[in-house]
Amino acid sequence: MYFLTKWMFHQPRSWIETNFQKRECIKFIPCPKDDTKCCCGQAQITHQTIPGIESGSPGDLWLPTKHTRPQPTDAYGTIEFQGGAHPTKAQYVRLSFDTRPELLVQLFTKEWNLELPKLLITVQGGKANFDLQAKLKKEIRKGLLKAAKTTGAWIFTGGTNTGVTKQVGDALLLEGQQRTGRVVSIGIAPWGIVERNHELLGHNREVPCHSISSPRSKLAVLNNRHAYFLLVDNGTQAKYGAELILRRKLEKFISNLKLHPFTHSSTPVVCLVIEGGTNTIRAVLEYVTDSPPVPVVVCDGSGRAADLLAFVHKYASDGEEQPVLESMRDYLIGTIQKTFEVGLDQSEKLYQELLQCTRNKNLITVFRIQEKPEGEAQELDQTILTALFKSQHLSPPEQLSLALTWNRVDIARSEIFVYGQEWPNGALDEAMMQALEHDRIDFVKLLLENGVSMKKFLTIPRLEELYNTKHGPANTLGYILRDVRPHIPKGYIYTLHDIGLVINKLMGGAYRSYYTRRKFRPIYAKVMNSYANACRKSSTYQYQRYAGANSLSLVTGLLPFTSEMALFEFPFNELLIWAVLTKRQQMALLMWTHGEEALAKSLVSCKLYKAMAHEAAEDDLDTEIYEELRSYAKEFESKGNKLLDFSYRQDAEKAQRLLTCELHSWSNQSCLSLAVAANHRALLAHPCSQVILADLWMGGLRTRKNTNFKVILGLAMPLYIRQLDFKSKEELQQMPQTEEEHLENQNLDNDDSDRSQPDAEALLADSYSVRDTKVHENGKVSLTDSDPAQFREFFNLSEYNEVKQHQPLRLKKKFYEFYTAPITKFWADSIAYMFFLIMFSFTVLVKMENMPRWQEWYSIAYITTLGFEKVREIISSEPVAITHKFSVWAWNMWNPCDGAAIILFVIGLAFRFRPNTMDIGRVIYCVDSIYWYLRILNILGVNKYLGPLVTMMGKMVKNMIYFVVLLAVVLMSFGVSRQAILFPDKQPTWSLIKEVIFQPYFMLYGEVFAGDIDPPCGEDPSQPGCVTGHWVTPITMSMYLLIANILLINLLIAVFNNIFNEVNSVSHQVWMFQRFTVVMEYQQKPVLPPPFIALCHFYSLLKYCVRKAKGEPGMSKFSFVP
């Protein structure tokens, strides 16, 4: 027991005990009215006596600083208010009246984990209970709660369950019913007037408490709707006033705290007066005459002091003299006497105090229940916030900063952005930066409406700061960044190059962000170096980039705007990507509605969200994050589809150009290629997309019926091509073309003496110049200007009707358009492939001679040239890095499969030409033929009916792999047991694996091997002896067949059925989505099929070398497409 007591006494004190004290009266001074009581309020019987300190005489003045002693506080912890459906908790602490306010702020922030207030509302009023009008009571409750919740304010009250504090508690009760974030309400009450305060004694206790006061007691209970209590102790008992000095000091200290790191404003304080007595008038006078003054909002109609202040304010004039009030002097003094039940002298004193208040009329705002001309009732929260603006003489930027901090766009719209308001340079840019960082959507809208230019605002440093901001919702950017930047240190500052790597990873394919391009790097380095130098020269702010401090926005506002920093032609595109990557959906939707390229922005956002959802699933994040990102992607998917549908209904031709034009700000992609990347099937199935694909598929042909038959006939009999219908020259000029076709057409036009003339629509649509359209990889299309000299004679609008719109093609052009049409290439390739299969089948089916037959030579030539074509596809793809080229090429599943089959054929070919390994080579040929027959599925995928079925097969195979894992577990469990029981004397050989798997596997297909499962055995000499446990095998076989044949196989059938229903419901979209890939593939293919494709490769290589030697433009990169 001794050691326990010693440990308790030596236990370290908490921070609260160390820094806060209580007060105890140490000298008994008789009260003049009752000499049995001390001036501190305690009876002589209970008053403590200190040896050496004698009692005072009745005339002595009792002072808390002189006659009390401080001791460590002995009361702090948590109060649990009982009586409700759920107990409400409140933190409390007993402290001395002379406690330093900085310690209190530290208590709030460090111990009670409160954020510093963005507004302080101190409520003054009567201590005694009173009633309010029902309408006024409703408005005060609603307005006070709204003002506190929307601005992040603290509310200071008296803390007890009486008078005005009780009214505030009723408002907080309404807040509790809404079950939203709790308002920070701090009650500052005297320790001595708290009823049953002895129950609160203890260190870090949880004290149950009922907020019910005794009717006969002069003490008061605490209000059960407050969250925090400061119980101020000056050594007195049952006396008010101990808290007044501490409360005012704390209010003043908070008013001097900086509101926000990026603003010069201090925390605003406003006093709300509801009812009140004589002390309330004096408190108002102190507020309006203090330095700096505190604005006061008076609730007219609440009674007593508030009504007097409102009346005086109404008739007060702006000058020093108050003739109207002086004329009503006697009336006012009489009203004061009746209201407060005081004598004449005190009434005159109160009258003078009221007059002094009116000298600061601008600091007092009266809230009245009345109807505005528009019919909307005035709200208390707007009155409180506008009173601050009117009284504090803040500059417009400071007012805007306050409104931003409070997130009150209504106040900013009505009070700040008024007609004729002038703004200093950079002020609105700084506000825009804060609005973006804190995700203030309405403020961004307001600032855009009031002249903020995003093109001038968005610079490289600002965009980088936005990516590094700690504000806003939680996002997954950090997880994805670790994939592209492993081992990043804590507090790492993201650069735009890092963000570009993230974008490239999420977009996939050939997409390259502007931030990762080579031309961006020197610009970025130059801008950031000049930016850092400007920040170092600033006397107020220092560049703390690598210190992790986000102090860039104000410095950015101070820097002069230069053309070097405004590098973003479409700033809303950059901000959209920022909003998507940081998971700010509403901000992303706002950026989508502004700026250019709305369709492309919706597709990029859709792709980014889908990729982020996939990454979230890979990182095993919460399912809610995955679902949230998927829902955001669907929202942008829907918006993109609706936008295209609207555009198509307005102007079909322009909508088609919208889908196929090259977008330089989106890695030179087109909307079609972005839709493929985003797997946006609905957009690719849209009639607008299908019209484009049908046009590209047909090339220069114009046939409506029996198209496939006519194309095959044209391939078989070239003279039949003259009988086919072709598009006019003007229509071909409006069609997308490959880059090589564009150059070939220029050569054909140079040979043509009869230059064709553009039609009126083309001239109008292309700003009076004809533009040729070039198709690149993945559906990209770019427009190049033709020679305008030949069209100058048509610039007169009166001559548009004379333009010839239907000019037939020359024979040479017809042959060119026929053989370069994707549909022709498809059928030529398919026919050549079927002929190859016949030749290859003949090769493997007949006896293989030492020297290959011509059929085998043809097969070798076909596969070899096909291999060179695959190499060409890799080299001519968009990306720069070879690994990236390969990954883009391998995106199509058939490409890596083709590569593997070609390599296998080459291996077999090497074995085939050696006499001793010819049979091995022939077997490899036979195995390789399996794939070449399965490759027919790729050709069948073009068909409208077979294409979705091929897709179903692919998905079923993918799901079957998971099923095989389950099946292997069951199969091995039975196979090993069966083999071990029936054949216990086996020697270790590789054939054991086959014997374990062979019979159980074929049992799945109905072959049960009944004789081997339970072979006959016994004591009969003609029968082998029974092995131990032979009877177990039939039992395990029955269980195996039950699980494998019935359970797992039917499970697989159910999965396949689900896949069929899923794909069949969107089969039309699936086929149209596949159609795009096929059209783009054959758009880029050479004219001749393998093995004759070697001629195309040689011809294209020769042309490329000639153009490079001549230095002709038009071939920006190596391409073999003829």
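Our subject is the structure that appears above.
What counts, and at which threshold
- Residues numbered from 1 in each chain as written.
- Predicted model: local features only at pLDDT ≥ 70, side-chain atom pairs only at ≥ 80, totals over all residues.
- Heavy atoms only, no water.
- Phe/Tyr/Trp six-rings, centres within 6.5 Å; stacked < 30°, edge-to-face > 60°.
- Helix = DSSP H or I, 4+ residues; strand = E, 2+ residues; numbered from the N terminus.
- Lys NZ or Arg CZ within 6 Å of the ring centre and 35° of its normal.
- Core = buried A, V, L, I, M, F, W, Y, C linked by side-chain atoms within 4.5 Å.
- Buried < 20%, exposed > 50% of the residue type's maximum accessible area, 1.4 Å probe, protein only.
- Contact = heavy atoms within 4.5 Å.
- Salt bridge = Lys/Arg side-chain N within 4 Å of Asp/Glu carboxyl O.
- Axes fitted to C-alpha atoms, helices over the stretch in contact; angles between N-to-C directions.
- Parallel < 35°, antiparallel > 145°, perpendicular 65-115°, else oblique.
- Left-handed = near helix turned anticlockwise from the far one by under 90°.
- Nonpolar A, V, L, I, M, F, W, Y, C, P; charged D, E, K, R; others polar.
- Pairing = 2+ DSSP bridges.

Undergrad: Just checking my understanding: could you explain the packing of aromatic side chains for this structure?
TA: Two aromatic rings are characterised by how far apart their centres lie and by the angle between their planes. Inspection of every chain in the model, using the stated rule, returns 37 aromatic pairs. For the pair Phe998 and Phe1002, a centre-to-centre distance of 5.0 Å together with 55 degrees between the ring planes defines the contact as tilted. Placement of both Phe998 and Phe1002 in helix α44 (residues 991-1003) is noted, with a separation of four residues, approximately one turn of the helix. Three or more aromatic residues link up through ring pairs in this structure, and these residues are Tyr833, Phe836, Phe840, Tyr862, Trp894, Phe905, Tyr925, Tyr931 and Trp932. The ring of Phe913 has Arg912 lying over it, and the distance from NZ or CZ to the ring centre is 5.3 Å. Taking NZ or CZ as reference, Lys1085 lies 5.7 Å from the ring centre of Tyr1082, over its face.

Undergrad: Which parts of the structure should I look at to understand the nonpolar core?
TA: Within soluble globular proteins, side chains that are nonpolar tend to cluster in buried spots. Ranked by size, the top nonpolar core spans 167 residues in total, and within it Leu436, Leu581 and Trp932 carry the most contacts. Per element, the largest residue contribution to this core is 11 residues, and it comes from helix α26 (residues 598-618). With sequence-adjacent residues up to four places away left out, Leu436 is seen in contact with Val444, Met454, Phe457, Leu466, Leu575, Trp578, Arg584, Met587 and Met591. Among the nonpolar cores identified, the runner-up in size contains 61 residues, and Val105, Val269, Val298 and Ile333 belong to it.

Undergrad: When you look at the pattern of salt bridges in this model, what are you seeing that I'm missing?
TA: Opposite charge on two side chains permits them to pair, given that their charged atoms come into close proximity. Taken as a whole and assessed by the stated rule, the structure comprises 43 salt bridges. Close ionic contact of Arg853 with Glu849 constitutes a salt bridge, the shortest N to O distance being 3.7 Å. Within this structure, Lys22, Glu24, Arg69, Asp74, Arg94 and Asp233 form a network of salt bridges that share partners.

Undergrad: Just to check I follow, could you spell out the packing of helix α37 (residues 822-845) against helix α38 (residues 854-875) for this structure?
TA: The relative placement of two packed helices comes down to the angle between their axes together with the axis-to-axis distance. Following both chains from N to C, one finds α37 and α38 inclined at 130 degrees, their axes separated by 8 Å at the closest point. Overall, the two elements α37 and α38 adopt an arrangement that is oblique. Judged by the twist between their axes, the crossing of α37 over α38 is left-handed. Contacts from Asp829, Ala832, Tyr833, Phe835, Phe836, Met839, Phe840, Phe842 and Thr843 of α37 reach α38 at Trp854, Gln855, Glu856, Tyr858, Ser859, Tyr862 and Ile863. Considering only residue class, the contact of α37 with α38 consists of 11 nonpolar, three polar and two charged.

Undergrad: Looking at this model, I keep getting lost on the sheet that holds strand β12 (residues 364-367). Mind explaining?
TA: Two pairing modes exist for strands in a sheet, parallel and antiparallel, and in both the strands are linked by backbone hydrogen bonds. Taken together, the 10 strands give an open sheet; going across it, the order is β8-β3-β4-β9-β7-β6-β5-β10-β11-β12, and neighbouring strands pair in mixed fashion. Both edges of this open sheet fall to β8 (202-210) and β12, since each of them pairs with a single strand only. Across the sheet, the axes of successive neighbouring strands diverge by a mean angle of 25 degrees, strand direction being ignored. Most of the contacts of helix α9 (residues 304-315) go to strand β11 (residues 296-299), to which it runs at about 110 degrees, and overall it touches β10 (269-274), β11 and β12.

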